[in-house]
Amino acid sequence: MTTPALLPLSGRRIPTLSPGGASSFPHHRATLRLSEKFILLLILSAFITLCFGAFFFLPDNSKHKRFDLGLEDVLIPHIDSPKEGKHAPGQVVIHGQGGHDEHRHREEEESLRDKIRADHERALQEAKEKLRKSREELQAEIQTEKNKVMEDLKKKDAGPKPLPPVPMPKVVGVSDGEPPETDAKEKRDKIREMMKHAWDSYRQYGWGHNELKPLAKKGHSTNIFGNSQLGATIVDALDTLYIMGLHEEFKDGQEWIEQNLDFGVNAEVSVFEVNIRFIGGLLAAYYLSGQEVFKLKAVQLAEKLLPAFNTPTGIPWAMVNLKSGVGRNWGWASAGSSILAEFGTLHMEFVHLTYLTGNPAYYQKVMHIRKLLAKMDRPNGLYPNYLNPRTGRWGQHHTSVGGLGDSFYEYLLKAWLMSDRTDTEARKTYDDAIEAIERHLIRKSNGGLTFIGEWKNGHLERKMGHLACFAGGMFALGADGSPDDKAGHYLQLGAEIAHTCHESYDRTVLKLGPEAFKFDSGLEAVAVRQNEKYYILRPEVIETYWYMWRFTHDPKYRQWGWEAAQAIDKYCRVSGGFSGVKDVYSSNPTYDDVQQSFFLAETLKYLYLLFSSDDLMPLESWVFNTEAHPLPVLHLGNITLPGSEPAAQR
């Protein structure tokens, strides 16, 4: 025992004895060699003092106005109808009920005095019985109590109950993948070397911190991780290390997680970011390596996220405190709204959590979100980016396939793929959403570039973000299974988006893409505002190149990917890792001095896979979450997830 265990006794706390008989406190042991009878007398006198103090100093309640809470006086918010009633949800209304009979108060006080007297008599009798016992009997009782405390401590130290055994999904294609082409092999080796440089720099200068400042050569963190050192880069990079065969580095990361990763910290974190990076990363590491520690840590964290769903609608808060469970939303998000891409990007991980734990809560939480959205009206068939978790109403009517919306659509498609194509509800929802997006958001520029704009209050903004470039890969991934024989159409649409995003790279000085680019005023695929000219090591364009390569094997996608890899190595590499740059149109850019954890999780992983053979992480067996963490397809067959309905009832 490293800390003293304190045993409550008659309102006091006394130190328990260690198994060897010594006090847990650093006092001389002779000070504890007092007669047990003397100790009991001291305790008895303290208790008598407490009782008489309580008796004589009780306030005279008759001098104060009484308030009684009747059920009829309390307004309890109903989840199903948060807008009912004239009071705001969560408000408690208490009505005073003064004027009670004075005689009733005197009776209550007399009853309370009688209870105190009875408690006092009982305590006195117990003390007398103790004093009649022999020294041996007292020692035996003390030892029994001590043994009970030790047993309780052992149970507490044993940790949570073991998870139920479940069949491990078939894991295939998790290593090697060496391409037959010599030049592809050389390029793949270069990508692995870049990963090694990024990891080794973090290992040397930022170990245990969430991210790295590669120029300052020290740790870095942002508010999405709270104020704690959770080792985000370690968790995010694990599966990339494993896939690349960097097993010593993987082992270092595993040891840090075993010894240091603690989610019992007082930190307010982003539910979305922690889910996709930590839970996704830990689950992927578990499935790839089979190491139980990753599964256990993922479940520990997931339990800490569940309080975020305690809202009137079941739509989770954006942030939750890991220690207290208190949640809230971002202050900037449309009148306290939750964000579509955040509460809509939980399904993959939560389905796997239910599968691994047998706990239906995770599956039920995400299915509740889906059902709620299905009942809501959607302007022009589009999903706005903001939804108020208190009222269940849409916020500002802003729709985007880039930031704030992107991965909601991605997870609809991937829920279907991960279910071995049995979740037809998810597929139908995806198809309907993409049809509305095509109708209202996708346009061709005067120069012939296909782009995805943003819908704002009935107006199409002809601007596309780097984040939206993932959609080319999504359209290609979802082509097979499209309604009305549209597979060819969506594969072509994916190719057109890939081409547009490549142009956004090719039209810069550094051959790296800006954060956002416009299609008006004679400018196409070019950033206009200074605060949109930066590149922060983002993966979305390379992600689309990889998917397009897998589905077409057109060599231009490897060529474009290699151009991006060379530009990153030339302009973002520094001695202490890799840094984002602030202006891709400047020949002498300044650095932002941040090595993002997603650079190791996504950008380098997609580049490595682009130059690997298709039998490494085959898409028939794996589905990548939005942070590029691969989760296996669940070939459940006739198995029903805990908490789900049989397919025939859905």
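Residues numbered from 1 in each chain as written. Predicted model: local features only at pLDDT ≥ 70, side-chain atom pairs only at ≥ 80, totals over all residues. Heavy atoms only, no water.

Novice: Sorry, what's going on with the layout of surface pockets here?
Specialist: Of the volumes computed, that of the second largest pocket is approximately 1,200 Å³. Around the second largest pocket, the lining comprises 49 residues; the ones closest to its centre are Gly-403, Leu-404, Leu-467, Glu-515 and Arg-538. Elements supplying a minimum of two residues to the lining of the second largest pocket: helix H7 (271–289), helix H9 (340–343), helix H12 (406–418), strand E13 (454–456), strand E15 (463–465), helix H16 (540–552) and helix H18 (597–610). Broken down by element, the residue count for the lining of the second largest pocket peaks at four residues, all from H7. (1 Å grid on protein atoms, 1.4 Å probe; cavity = no way out; pocket = protein on both sides within 12 Å on 5 of 7 lines; lining within 4 Å. Points joined across faces, edges and corners; volume = space filled by probe spheres on them. Helix = DSSP H or I, 4+ residues; strand = E, 2+ residues; numbered from the N terminus.)

Novice: Can you help me understand the pattern of salt bridges in this one?
Specialist: Two side chains carrying opposite charge are able to pair once their charged atoms lie near each other. Applying the stated rule across the entire model yields 34 salt bridges. Asp-189 is the salt-bridge partner of Lys-185, the closest N and O atoms lying 3.3 Å from each other. In this pair, Lys-185 and Asp-189 are both assigned in helix H4 (residues 182–205), four residues apart and thus about one turn of the helix distant. For Asp-569, the salt bridge identified is with Lys-190, shortest N-O distance 3.0 Å. Of the two residues, Asp-569 sits in helix H17 (residues 555–571) while Lys-190 sits in helix H4, which places them 379 residues apart along the sequence. In the salt-bridge network here, residues are joined through shared partners; they are Lys-190, Glu-193, Asp-569 and Arg-573. (Salt bridge = Lys/Arg side-chain N within 4 Å of Asp/Glu carboxyl O.)

Novice: Would you explain the UniProt feature "binding site: Ca(2+)" (unreviewed entry) in the chain in this entry?
Specialist: Sites flagged by UniProt as "binding site: Ca(2+)" (unreviewed entry) map to Thr-626. By the element assignment, Thr-626 lies in the loop between strand E20 (622–624) and strand E21 (630–632). A relative accessible area of 16% means that Thr-626 is categorised as buried. Beyond its immediate sequence surroundings of up to four residues, Thr-626 is in contact with Ile-276, Thr-345, Ser-407, Glu-410, Tyr-411 and Glu-602. A polar atom in the side chain of Thr-626 sits 2.8 Å from the side chain of Glu-410. (UniProt positions renumbered as here; feature names shortened; annotations may be inferred. Buried < 20%, exposed > 50% of the residue type's maximum accessible area, 1.4 Å probe, protein only. Contact = heavy atoms within 4.5 Å. Polar contact = N/O pair within 3.5 Å; in protein donor to acceptor, adjacent residues only side chain to side chain.)

Novice: Hey, could you run me through empty space enclosed by the protein in this one?
Specialist: Remark: the empty space left among the atoms is shown by a probe the size of a water molecule rolled over them. A complete count under the given rule lists one cavity of 30 Å³ or more for this structure. By volume, the largest cavity amounts to about 60 Å³. For the largest cavity, the full set of lining residues is Val-271, Phe-272, Pro-316, Trp-317, Ala-318, Asn-329, Ser-338, Ile-339, Glu-342, Phe-343 and Leu-346. Breaking the lining of the largest cavity down by element, the ones donating at least two residues are H7, strand E8 (338–339) and H9. The residue inventory of the lining of the largest cavity, partitioned by class, reads eight nonpolar, two polar and one charged. (Nonpolar A, V, L, I, M, F, W, Y, C, P; charged D, E, K, R; others polar.)

Novice: Whenever I open this one, the UniProt feature "active site" (unreviewed entry) in the chain confuses me. Can you help?
Specialist: Under the feature "active site" (unreviewed entry), the UniProt entry names Glu-273, Asp-406, Glu-515 and Glu-540. Lining of the second largest pocket among the annotated residues: Glu-273, Asp-406, Glu-515 and Glu-540. A relative accessible area of 13% means that Glu-515 is categorised as buried. Examined against the element boundaries, Glu-540 turns out to sit in helix H16. Glu-540 has contacts with His-466, Leu-467, Cys-469 and Phe-470, leaving out every residue within four places of it along the chain.

Novice: Please explain the sheet that holds strand E7 (residues 327–328) as it appears in this structure.
Specialist: In a beta sheet, neighbouring strands pair by backbone hydrogen bonds and run either parallel or antiparallel. Read across the open sheet, the three strands follow the order E5-E6-E7; overall the sheet is antiparallel. Lying at the two open borders of the sheet, with one neighbouring strand each, are strand E5 (268–270) and E7. Strand direction decides the pairing type here: E5 and strand E6 (residues 319–321), joined by three bridges, are antiparallel. Residue pairing for E6: Val-269 is matched across the bridge by Val-320. Together, E5 and E6 form the strand contacts of H7, whose direction differs from that of E5 by roughly 70 degrees. (Pairing = 2+ DSSP bridges. Axes fitted to C-alpha atoms, helices over the stretch in contact; angles between N-to-C directions.)

Novice: Would you take a moment to explain the side chain of Glu-532 for this structure?
Specialist: Note that Glu-532 resides in the loop between strand E17 (523–526) and H16. Residue contacts for Glu-532: discarding those within four places in its chain leaves Lys-463, Pro-514, Glu-515, Ala-516 and Ala-527.

Novice: Is there a simple way to think about the pairing of E17 in this case?
Specialist: Successive side chains on a regular strand alternate, one facing one side of the sheet and the next facing the other. Two elements, strand E16 (residues 516–520) and E17, share three bridges in a ladder whose sense is antiparallel. Looking at E17, one finds that Phe-519 is bridged to Glu-524. In textbook terms, the turn of a hairpin is the stretch between consecutive antiparallel strands, and for E16 and E17 this stretch comprises two residues, one of which, Ser-521, has a positive phi near 55 degrees.

Novice: Would you mind going over the sheet that holds E16 with me for this structure?
Specialist: Pairing is antiparallel in the open sheet, where three strands are placed in the order E15-E16-E17. This sheet does not close on itself; its edge strands, each paired only once, are E15 and E17. Strand after strand, the sheet turns through a mean of 15 degrees between neighbouring axes, direction not considered.

Novice: In this structure, what is going on with the environment of Tyr-430? I would like to understand it.
Specialist: Summarising the element assignment, Tyr-430 is placed in helix H13 (residues 424–440). Those residues in contact with Tyr-430 that lie beyond four places of it in its chain are Tyr-409, Leu-412, Leu-413, Met-474 and Phe-475.

Novice: Got a minute to help me understand the packing of aromatic side chains in this structure?
Specialist: Scanning all chains against the criterion turns up 27 aromatic pairs. An angle of 90 degrees between the planes, with centres 5.6 Å apart, marks the rings of Phe-350 and Tyr-362 as edge-to-face. You can see Phe-350 sitting in helix H10 (residues 347–357) and its partner Tyr-362 sitting in helix H11 (residues 361–375), a full twelve residues away along the chain. For Phe-350, a relative accessible area of 0% gives the class buried. Accessibility expressed as a relative area gives 1% for Tyr-362, which makes it buried. (Phe/Tyr/Trp six-rings, centres within 6.5 Å; stacked < 30°, edge-to-face > 60°.)

Novice: Where do I start with unusual backbone geometry in this structure?
Specialist: A negative phi angle characterises most non-glycine residues, just as the trans form characterises most peptide bonds. Phi at Lys-511 takes a positive value of approximately 60 degrees, unusual for a residue other than glycine. If you trace the backbone, Lys-511 turns up in the loop between helix H15 (487–506) and E16. On the basis of relative accessibility, which here comes to 37%, the residue Lys-511 falls in the partly exposed class.

Novice: Looking at this structure, how should I read the packing of H15 against H17?
Specialist: Between two packed helices, both the angle of their axes relative to each other and the distance between the axes serve to describe the pair. Look at H15 against H17: their axes get within 12 Å of each other, and the N-to-C directions meet at 30 degrees. The orientation of H15 with respect to H17, classified from their angle, is roughly parallel. In terms of crossing hand, the pair formed by H15 and H17 is left-handed. Facing Ala-495, Ala-498, His-499, His-502 and Tyr-505 of H15, the residues of H17 in contact are Tyr-557, Trp-560, Glu-563 and Ala-564. Split by residue class, the contact of H15 with H17 holds six nonpolar, two polar and one charged. (Parallel < 35°, antiparallel > 145°, perpendicular 65-115°, else oblique. Left-handed = near helix turned anticlockwise from the far one by under 90°.)

Novice: Can you help me understand the nonpolar core in this one?
Specialist: Most often, soluble globular proteins have nonpolar side chains that are buried together. In terms of nonpolar packing, the biggest core is built from 167 residues, with Ile-191, Phe-278, Met-464, Phe-475, Ile-568 and Phe-624 touching the most fellow members. Examining the composition of this core, we find that twelve residues originate from one element, H7, more than from any other. Here Ile-568 is in contact with Met-194, Leu-512, Tyr-535, Leu-537, Ile-542, Arg-573, Phe-578, Phe-599 and Thr-603, once residues within four sequence places are set aside. (Core = buried A, V, L, I, M, F, W, Y, C linked by side-chain atoms within 4.5 Å.)

Novice: Sorry if this is basic, but what is going on with the confidence of the model for the chain here?
Specialist: When pLDDT is low, close inspection of the predicted coordinates is not appropriate. Summing up the model confidence of the chain, the mean pLDDT is 85 and the portion of residues at 70 or higher is 79%. Long-range and interchain partners of residues 1–34, a stretch whose pLDDT sits below 50, account for 37 contacts in this model, where long-range means more than four residues apart. (pLDDT = per-residue confidence, 0-100.)

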